[in-house]
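Structural features, examined
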Amino acid sequence: MRDTASILPLRVENASFQGEGRLLIDAVSFTIPAGGLTVLLGPNGAGKSLVLRLCHGLLEPSAGSVRWAYSGAGGIKRHAMVFQKPIMLRRSVEANVTHALAAAGLAGAERRQRCGEALARFGLSERATQPARLLSGGEQQRLAIARAWALRPELLFLDEPTSQLDPAATRQIEELLAGLVAEGITVMMSTHDLGQARRLARRVLFLHRGRLVEDRDAAEFFAGPQAEEARAFLAGELIW
Amino acid sequence: MDFGAIFQAAFALMVGLDPTFLAIVSLSLRVTLTAVFIAALIGLPLGAALALSRFPGRPAVIVCLNAMMGLPPVVAGLVVFLLLSRSGPLGPLGLLFTPTAMIVAQVILVVPIVIALTRQIVEDLWAEYRDHLRSVGLEGLRAIPTLLWDGRFALATALLAGFGRASAEVGAVLVVGGNIAGYTRTMTTAITLETSKGDLALALGLGLVLIVLTLMINAVAFGASRVGARYAG
Amino acid sequence: MTLIDRRLLLAAGFSAGLAGLAFAQTPAASPPAATTTPSETRFITVASTTSTQDSGLFGHILPLFKAKTGIEVRVISQGTGQALDTGRRGDADVVFVHARAAELKFVEEGFSLERKPVMYNDFVLIGPKADPAGIAGSKDIAAALVKIQEKGAPFVSRGDKSGTHIAELALWKAAGVDLDAKKGPWYREIGQGMGAALNTAGAMGAYVLSDRGTWLSFKNRGDLVISVEGDKRLFNQYGVMSVNPAKHPHVKFNDGKLFVDWLTSPEGQKAIADYKIDGQQLFFPNAAQAGA
């Protein structure tokens, strides 16, 4: 039975993360309300991936907290994540989807139904019985998104989802993401691609060396960022 | 020794379908396959659990298992012999000098191989799958079925290595089986016996048969894993 | 957590499936006794020597015994010392060996109620055709052994406490050769069975003491021939004993006794006398001979 209470907003308060003896994320605070697409922007090594992992629960903050408005029933997560390099199980396309649904505790009939919907929604129905690892890079990432979508997340995290794709495949993924937002799914993604951030973002979190240096509406951010690091990044001067 | 005679003897054995010979071959296969099957039931889950767990002393356990892969079969045989002898702790079971005793000894030989190779295979796969599996809530022991299934082709090779060790060894089955004609005589113990009787042609003939059988099983498994690997990408 | 249960089940099923997949026709783990014969099969376990096994005697007489009684005889062939130990541990129902003194000790220790003589064959001294010790054709085993030692001609000893090994040591003693003092590179203890000893002797051009049965059925003779035979001291007596149920209650005393009685009956004795290789009789029944 699906709970109706929302897990959003997500509140991150003074979250820090220490790894290999160094402070990699330094007291980051922000809130993700329901709706829209938030881009986590910043140069390579800024800690974007770590922040997403802290939010998704793959990492525990060494200080501070990550809190959901409602922690859900039965321990089932209502947020999902798609990784930079699509992780494809050594199984068929549909088995990749049904496996995730089985892990979420869904019964066989519902797994098949949701899987069919997801593959149709993302144009993968014809590929259903093919080995997932033989798909092209773009198709693999599409399958990863379909797999996450089938879990019916309220919030979807994506970690640089297009950084390994060619421009055509990138364009396709971006269209898909816009469609997800239109569907009412809240999206938070990281990217170091300014063009992509401009095309997709409603809101920008700019991260630099583990610190959140700017958190603003996307239009305002691109019109004139406040922080000096962000200005340098927009000007193409900041490498890391 | 005349090699022509040896090959003739081997050929006559294989083509003639001598019932005694067939009984020996079928017992050998039955014992070894059963041992590998049981070793898989034990070793696959344990190897996977070892791959995913972290505890003090884990490196020592891994080193021990790797060393156990080289355990001399006759030592495994001796341990089983002492356990199963009527004067040993498990004597009342009356299992010494039975095919079951041979299976037990071979399981002891094969389990370390299966565990050690499974650990390696599952650990590599876990490194690749970790983020996704944890994301969908499969952590720790709950990740094991997925990892075993997705590693099935590599794991089949691990089982094959175990099969090779078990089917080739003679030390353990000789000690615990007793090489009883028609009951616990396997290909390897028969080879030992024929050698000691000076019937080298028959011994080498049996040896050739053993090699051919092992080749056939490996070829089938290799073909299956190639097909599977193509599918899995 | 039905999911976890299902997954665990899957894991077990998968392991099973994988093994089955890789090796078609894997039999399901079958109950122990059913592996080759149904558990109702009536059988006894006999610990015996490599010489009776390697000579092919059992292959000849056991089917006759089974046809008469329906009892299958499972033979573990070991050296005499090892076979007696197998009986002592209770891992065999009957012991059938050839070392009279050791057998009597076994009875004395209470591991058997009675030892019965069955048959004899004789030992022969085997050596290379070249005959480096110059003893070929002799009928005096003691003199031959002295010569071997004096010339340092290679000699292979079983060295495994088998009946043949014990008999060999007794012959050295009879020849007056103190092995502990005279042992050198010429005296090679291999710790293996009769066939292996013959193989080794053939490969090294050495002398070796063998029972005649194993020698006659041995196929890899190469340059080996009989050097010395016919000395009464080469006489080799076999005895049979069923294990005492007072020591090991689980032993199949009645079926074992049936086997012992059959071996020493006129019928069993005839079966032994009938076993021949190339027309030569290997074993000479003498169950009726007092003191054998």
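Let me begin by describing the structure that accompanies this report.

1. Digging into the overall build of chain B
In terms of regular secondary structure, chain B is built from 10 helices and 0 strands. Secondary structure elements of chain B occur, N-terminal to C-terminal, as α-α-α-α-α-α-α-α-α-α. Here the C-alpha coordinates of chain B stretch approximately 65 × 50 × 25 Å along the principal axes. In chain B, which comprises 233 residues, the proportion classed as buried is 54%. Put simply, 72% of the contacts in chain B that link residues at least 6 apart link residues at least 24 apart. With an accessible surface of roughly 9,400 Å², chain B has 74% of that area assigned to carbon and sulfur atoms. Of note, chain B has its 14 positive side-chain charges centred 7 Å away from the centre of its 11 negative side-chain charges.

2. Observations concerning helix H4 (residues 137-150) of chain A
Residue and element names in this part refer to chain A. In this model H4 runs 20 Å from its N-terminal to its C-terminal C-alpha over 14 residues, within 8% of the 20 Å that 1.5 Å per residue would give. The buried fraction of H4 amounts to 13 of the 14 residues, a majority that puts the element mostly inside the structure. Just beyond H4, the residue with positive phi is Arg 152, at close to 50°.

3. A look at the nonpolar core
Leu 10, Phe 30, Val 51, Phe 157 and Met 188 of chain A together with Leu 147 and Val 176 of chain B are the most contacted members of the largest nonpolar core, which totals 86 residues. Top element by residues in this core is helix H5 (residues 99-135) of chain B. It accounts for 16 residues. Setting aside its immediate chain neighbours within four residues, Phe 30 of chain A contacts Leu 10, Arg 11, Val 12, Val 51, Cys 55, Met 188, Arg 203, Leu 205, Leu 212 and Asp 215 of chain A. Of all hydrophobic cores here, the second largest spans 49 residues; its members include Ala 148, Leu 180, Leu 194 and Phe 233 of chain A.

4. Observations concerning unusual backbone geometry
Residue Pro 9 of chain A follows Leu 8 of chain A across a cis peptide bond; omega there is 0°. Inspection of the secondary structure assignment puts Pro 9 of chain A in the segment before strand E1 (10-19). One non-glycine residue with positive phi stands out, namely Asn 14 of chain A, at about 50°. With respect to the element layout, Asn 14 of chain A can be found in strand E1. A positive phi angle is found at Phe 97 of chain B, which is not glycine, with a value near 60°. Looking at where Phe 97 of chain B falls in the secondary structure, it is placed in the loop between helix H4 (73-84) and H5. Its relative accessible area of 3% is what places Phe 97 of chain B among the buried residues.

5. Notes on the pairing of strand E5 (residues 79-82) of chain A
All names here are of chain A. Every second residue of E5 is oriented toward a common face, with His 79 and Met 81 on one face and Ala 80 and Val 82 on the other, all of them buried. Looking at chain direction, E5 and strand E6 (residues 155-159) are connected through 4 bridges and run parallel. Residue pairing across strands places Met 81 opposite Phe 157, the latter belonging to E6.

6. Re the sheet that holds strand E2 (residues 22-32) of chain A
Each strand in a sheet pairs with its neighbour through backbone hydrogen bonds, running either in the same direction (parallel) or in the opposite one (antiparallel). Residues and elements named next belong to chain A. On the basis of which strands lie adjacent, the open sheet formed by 3 strands has the order E2-E1-E4 and antiparallel pairing. The two strands at the open ends of the sheet, each matched to only one other strand, are E2 and strand E4 (63-68). Across the sheet, the mean angle separating the axes of adjacent strands is 25° when strand polarity is ignored. Relative to E2, E1 is paired through 7 bridges, and the arrangement is antiparallel. For Gly 19, the partnering residue across the bridge sits in E2 and is Arg 22. Docked against the sheet, helix H1 (residues 48-56) engages E1, E2 and E4, running at close to 60° with respect to E2.

7. Describing a nonpolar patch on the surface
A cluster of nonpolar side chains, namely Val 74, Val 75, Val 79, Leu 83, Leu 90 and Leu 93 of chain B, defines an oily patch on the protein surface of about 460 Å² accessible area. Take Leu 93 of chain B: its relative accessible area is 54%, and that puts it in the exposed class.

8. Observations regarding the packing of helix H2 (residues 19-52) of chain B against helix H7 (residues 152-168) of chain B
All names here are of chain B. Orientation of H2 relative to H7, taken along the N-to-C sense of each, is 135°, at an axis distance of 9 Å. On the basis of their axis angle, the class for H2 and H7 is oblique. The handedness of the crossing between H2 and H7 comes out as right-handed. Where H2 abuts H7, its residues Leu 29, Thr 32, Leu 33, Val 36, Ala 40 and Leu 44 lie against Leu 155, Leu 159, Gly 162, Phe 163, Ala 166 and Ser 167. For the contact of H2 with H7, the per-class residue count stands at 9 nonpolar, 3 polar and no charged.

9. Focus: the packing of aromatic side chains
Evaluation of the coordinates by the stated rule reveals 19 aromatic pairs over all chains. Their ring planes at 75° and their centres at 5.6 Å tell us that Phe 122 of chain A and Trp 149 of chain A sit as a pair that is edge-to-face. Of this pair, Phe 122 of chain A sits in the loop between helix H3 (108-121) and H4 while Trp 149 of chain A is found in helix H4, placing the two residues 27 residues apart along the sequence. Look at Trp 149 of chain A and you get buried, because its relative accessible area is 16%. The interplanar angle of 35° and the centroid separation of 5.6 Å between the aromatic rings of Phe 106 of chain C and Phe 111 of chain C together place this pair among those described as tilted. Each member of the pair, Phe 106 of chain C as well as Phe 111 of chain C, is classed as buried. Each residue in the set Phe 206, Phe 221, Phe 222 and Phe 233 of chain A is aromatic and connected to the rest through ring pairs, giving one cluster. Just above the ring of Phe 43 of chain C sits the side chain of Arg 74 of chain C; from NZ or CZ to the centre is 3.6 Å. Its end group placed over the ring of Trp 215 of chain C, Arg 221 of chain C keeps NZ or CZ at 4.4 Å from the ring centre.

Rules used in this analysis
Residues numbered from 1 in each chain as written. Chains lettered and ligands numbered in written order. Predicted model: local features only at pLDDT ≥ 70, side-chain atom pairs only at ≥ 80, totals over all residues. Heavy atoms only, no water. Helix = DSSP H or I, 4+ residues; strand = E, 2+ residues; numbered from the N terminus. Buried < 20%, exposed > 50% of the residue type's maximum accessible area, 1.4 Å probe, protein only. Contact = heavy atoms within 4.5 Å. Areas by Shrake-Rupley, 256 points an atom, 1.4 Å probe, with all protein chains shown as cover. Lys, Arg positive; Asp, Glu negative; His and termini not counted. Charge placed at Lys NZ, Arg CZ, Asp CG, Glu CD. Expected span 1.5 Å × (residues − 1). Core = buried A, V, L, I, M, F, W, Y, C linked by side-chain atoms within 4.5 Å. Pairing = 2+ DSSP bridges. Axes fitted to C-alpha atoms, helices over the stretch in contact; angles between N-to-C directions. Patch = residues over 30% accessible without salt bridge, like charges linked within 9 Å, V, L, I, M, F, W, Y side chains within 5 Å. Salt bridge = Lys/Arg side-chain N within 4 Å of Asp/Glu carboxyl O. Parallel < 35°, antiparallel > 145°, perpendicular 65-115°, else oblique. Left-handed = near helix turned anticlockwise from the far one by under 90°. Nonpolar A, V, L, I, M, F, W, Y, C, P; charged D, E, K, R; others polar. Phe/Tyr/Trp six-rings, centres within 6.5 Å; stacked < 30°, edge-to-face > 60°. Lys NZ or Arg CZ within 6 Å of the ring centre and 35° of its normal.

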